[in-house]
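These are the residues of each chain, in order.
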Amino acid sequence: MRRAVCPGSFDPITNGHLDIISRASRLYDEVYVAVMINKAKKGLFEIDERIDLIGQVTAEYGNVRVEAFHGLLVDFCKQRDIPAIVKGLRAVSDFDYELQMAQMNNGLSGVETLFVPTNPTYSFLSSSLVKEVATWGGDVSHLVPPVVLDALNQRLRQG
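Being a predicted model, the structure only gives us computed values, none of them experimental.

A. Focus on unusual backbone geometry. Cis peptide bonds are those with omega within 30 degrees of zero, and the linkage from D11 to P12 qualifies with 0°. The topology assignment puts P12 in the loop between β1 (3–8) and α1 (15–27). In this structure, F10 takes a positive phi of about 50° despite not being glycine. For F10, a relative accessible area of 4% translates into the label buried. Phi at D81 takes a positive value of approximately 55°, unusual for a residue other than glycine. Among the structural elements, D81 can be located in the loop between α3 (73–80) and β4 (84–89). By relative accessible area, D81 is classed as exposed at 58%.

B. Structural detail: the packing of helix α2 (residues 47–58) against helix α6 (residues 146–158). Taken N-terminus to C-terminus, the directions of α2 and α6 make an angle of 155°; their axes are 9 Å apart at the nearest point. The angle between the axes of α2 and α6 places the two elements in the roughly antiparallel class. Between α2 and α6, the contacting residues are E49, L53, Q56 and V57 on the first element and V147, V148, A151 and R155 on the second. Counted by class, the contact of α2 with α6 contains five nonpolar, one polar and two charged residues.

C. Focus on the layout of surface pockets. The space that makes up the largest pocket amounts to roughly 1400 Å³. Sorting elements by how many residues they give to the lining of the largest pocket places helix α4 (residues 92–109) first, with eight residues. In terms of residue class, the lining of the largest pocket is built from 21 nonpolar, 16 polar and eleven charged.

Definitions and limits used
- Residues numbered from 1 in each chain as written.
- Predicted model: local features only at pLDDT ≥ 70, side-chain atom pairs only at ≥ 80, totals over all residues.
- Heavy atoms only, no water.
- Helix = DSSP H or I, 4+ residues; strand = E, 2+ residues; numbered from the N terminus.
- Buried < 20%, exposed > 50% of the residue type's maximum accessible area, 1.4 Å probe, protein only.
- Axes fitted to C-alpha atoms, helices over the stretch in contact; angles between N-to-C directions.
- Parallel < 35°, antiparallel > 145°, perpendicular 65-115°, else oblique.
- Contact = heavy atoms within 4.5 Å.
- Nonpolar A, V, L, I, M, F, W, Y, C, P; charged D, E, K, R; others polar.
- 1 Å grid on protein atoms, 1.4 Å probe; cavity = no way out; pocket = protein on both sides within 12 Å on 5 of 7 lines; lining within 4 Å.
- Points joined across faces, edges and corners; volume = space filled by probe spheres on them.

Function cannot be read off these values alone, since they describe shape.
Pasting the structure below:
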């Protein structure tokens, strides 16, 4: 069984994330979406909410599992016998940081990182940008799946 992981904070998941996950799901038998827990950061959505939203928008793929993780990604990979990390690259600036991480992860555990160029439609997209635009009343309906848009709008209305 060929396994890979797509890690991230996914606060919230965007169409850019979904593009990378769907492409990984066609290349691997099983794809884990690892939702990072960073206790130092307060996200817009709780971890369980992110997991639920990701589960809803990836359900159609059939081979995607969504789990939270805290700690080193390579430990997550070792515990689940995952030999590959799939990361989307939006721009050259992403590459500098991601290459360092890939080399460190490989050095620590032998886990390989596969870089997937982002669909140009989503090359500017980030969760932070979506949250900022939505907070100021901008239209992000083309940037996130409908269920995520509903959750985002509801959360922002709550203040």
